[in-house]
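Analysis of the macromolecular model
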Amino acid sequence: MTVADPPLRQSSLASRLANQPYLLLSLMALFWAANIVLGRFVAGHVPPFTLTFLRWAGTFLVVAPFAWTHLQRDWPTMRRHMPLLLVLALTGFALNNALSYWGLQHTQALNALLIQSSGPLFVALWALVLFGVRLSWMQAAGILVSLIGVLVIILRGNLAALADIQINAGDISFAGALFVFGLYSALMTRRPKINPLSLIAFTTGAGALMLLPLVGWEVSIGDRLTLDTLTIATVIFVVIFPSTLAYIFFNRGIELIGPNRAAPFFHLVPVFGSVMAIVLLGEKPELFHLAGYLLVLAGVVTASRRGSAGKRPAS
């Protein structure tokens, strides 16, 4: 064995992981579930627009040193596709997250998790409107089955619980975030052929700059950041897991299997969220949890199968 063997093995492992879209998308869903739970937990303590800015500014600072060489090489291509890259920064980072964090300040976690399950529908809508890509019957069936599973979990197996859910401004804001993110997901299939680190570095940096007016407005009305242990821990967590890692995983997943097959993994977010409630908040596991998990898993597997790729309408 040579000194170079361990790095080579590490490189090989990273390469294998980078080609496992289902694992990457499942981890993405886990990190985003944690982000929703945490976002609701710190509501009222960390201003939403300031948190969004710190999230993407922090992610840019983490990624930029590793991306610098790639950015220099990719810049001519990026400059030619600048309008698209700016739209990706706006929809996938600035506006989407500002709406979701603001929404979590004004709604219950139950509502947010329920609305989150509509994510694949927005992706399918934008893919159809922009590029004429239709859901296959298998994708539609998978989304429906997993959506039923999500409802079983969130409603605790009791449809009567729907009557207790009240729509408010936070719900509308969170739904708006998913609508915007659906556009980002669809447009990601048209992104320029650049290194993934170049893409993440540019879109997070540009997204953070776009948020500065909202942060300024937040400060002007007296909604300022309290620098304490909870704030610092929150920022560190959201920068590393639901931001840097989750977006790299999500972008790679779309690259490998496309947006319509990747979108059903959104349904794993409320599943993981309910598991966190059981583990972290001491909620008791029930039979409906198992039933819901099995339905979601069946739906995700069905919708993300290789043979379920969306089709363009006949001309």
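Residues numbered from 1 in each chain as written. Predicted model: local features only at pLDDT ≥ 70, side-chain atom pairs only at ≥ 80, totals over all residues. Heavy atoms only, no water.

**Section: the overall build of the chain**
Across its full length, the chain holds 14 helices and 0 strands. Reading the helices (α) and strands (β) of the chain from amino to carboxyl end gives α-α-α-α-α-α-α-α-α-α-α-α-α-α. The proportion of buried residues among the 315 residues of the chain is 50%. At a minimum sequence separation of 6, the contacts of the chain that also span at least 24 residues come to 92%. As presented, the chain carries roughly 15200 Å² of accessible surface, and 70% of it is formed by carbon and sulfur atoms. (Helix = DSSP H or I, 4+ residues; strand = E, 2+ residues; numbered from the N terminus. Buried < 20%, exposed > 50% of the residue type's maximum accessible area, 1.4 Å probe, protein only. Contact = heavy atoms within 4.5 Å. Areas by Shrake-Rupley, 256 points an atom, 1.4 Å probe, with all protein chains shown as cover.)

**Structural notes on the packing of helix α4 (residues 82-104) against helix α9 (residues 196-210)**
The N-to-C vectors of α4 and α9 enclose an angle of 70°; their axes lie 8 Å apart at closest approach. Classified by the interaxial angle, the pair formed by α4 and α9 is roughly perpendicular. The way α4 lies across α9 gives a crossing that is right-handed. Mapping the contact onto sequence places M82, L85, L86, L88, A89, L90, F93 and A94 in α4 and L199, F202, T203, T204, A206, G207 and M210 in α9. Of the residues in the contact of α4 with α9, the class split is 12 nonpolar, 3 polar and no charged. (Axes fitted to C-alpha atoms, helices over the stretch in contact; angles between N-to-C directions. Parallel < 35°, antiparallel > 145°, perpendicular 65-115°, else oblique. Left-handed = near helix turned anticlockwise from the far one by under 90°. Nonpolar A, V, L, I, M, F, W, Y, C, P; charged D, E, K, R; others polar.)

**Regarding the pattern of salt bridges**
Summed over all chains, the structure comprises 2 salt bridges. In this structure, R191 engages E255 in a salt bridge whose closest nitrogen and oxygen atoms are separated by 3.4 Å. Here R191 is found in the loop between α8 (169-187) and α9, whereas its partner E255 is found in helix α11 (residues 229-257), with 64 residues between them in sequence. With relative accessibility at 42%, the residue E255 sits in the partly exposed group. Here R252 and E255 are joined by a salt bridge, their closest N and O atoms 3.2 Å apart. (Salt bridge = Lys/Arg side-chain N within 4 Å of Asp/Glu carboxyl O.)

**Focus on the side chain of T52**
Relative to the assigned elements, T52 resides in helix α3 (residues 48-80). The residues touching T52, leaving out its near neighbours within four places in the chain, are F93, A94, N97, A98, Y101 and L211.

**Things to note about the environment of M28**
Residue position: M28 is located in helix α2 (residues 21-41). Residue M28 is classed as buried on the basis of its relative accessible area, which comes to 0%. Counting along the chain gives 218 residues from M28 to A246, while the straight-line C-alpha distance between them is 4.5 Å. In contact with M28, other than residues within four places in its own chain, are A246, F249, F250, F265 and F266.

**Observations regarding the packing of aromatic side chains**
Each aromatic ring pair is specified by the distance between its two centres and by the angle formed by the two planes. With the rule as written, the count across this model stands at 21 aromatic pairs. Seen in terms of ring centroids, W56 and F93 are 4.8 Å apart; in terms of plane orientation they differ by 80°. Their pairing is edge-to-face. With W56 in helix α3 and F93 in helix α4, the pair connects residues that are 37 residues apart, well separated along the chain. Taken together, a centroid distance of 6.5 Å and an interplanar angle of 25° make the contact between Y184 and F250 stacked. Of this pair, Y184 sits in helix α8 while F250 sits in helix α11, placing them 66 residues apart in sequence. (Phe/Tyr/Trp six-rings, centres within 6.5 Å; stacked < 30°, edge-to-face > 60°.)

**Quick notes on helix α6 (residues 119-131)**
Because an α-helix packs 3.6 residues into every turn, residues spaced three or four apart end up facing the same way. Compared with an ideal rise of 1.5 Å per residue, which puts 13 residues at 18 Å, α6 spans 18 Å between its outermost C-alpha atoms and is within 8% of the ideal. When we look at burial in α6, the residues that qualify are G119, P120, F122, V123, A124, W126, A127 and F131. Positive phi shows up at G132, right after α6, with a value of about 70°. (Expected span 1.5 Å × (residues − 1).)

**Notes on α8**
When the terminal C-alpha atoms of α8 are compared, their 27 Å separation across 19 residues agrees well with the 27 Å that a helix rising 1.5 Å per residue should span. Within α8, 14 of the 19 residues are buried, which leaves it mostly tucked inside the rest of the structure.

**Regarding the confidence of the model for the chain**
Atom-level detail of predicted coordinates should not be read off regions where pLDDT is low. Here the chain averages 83 in pLDDT, and 86% of its residues register 70 or above. The low-confidence segment residues 311-315, where pLDDT is below 50, has 10 contacts with residues more than four positions distant or belonging to other chains. (pLDDT = per-residue confidence, 0-100.)

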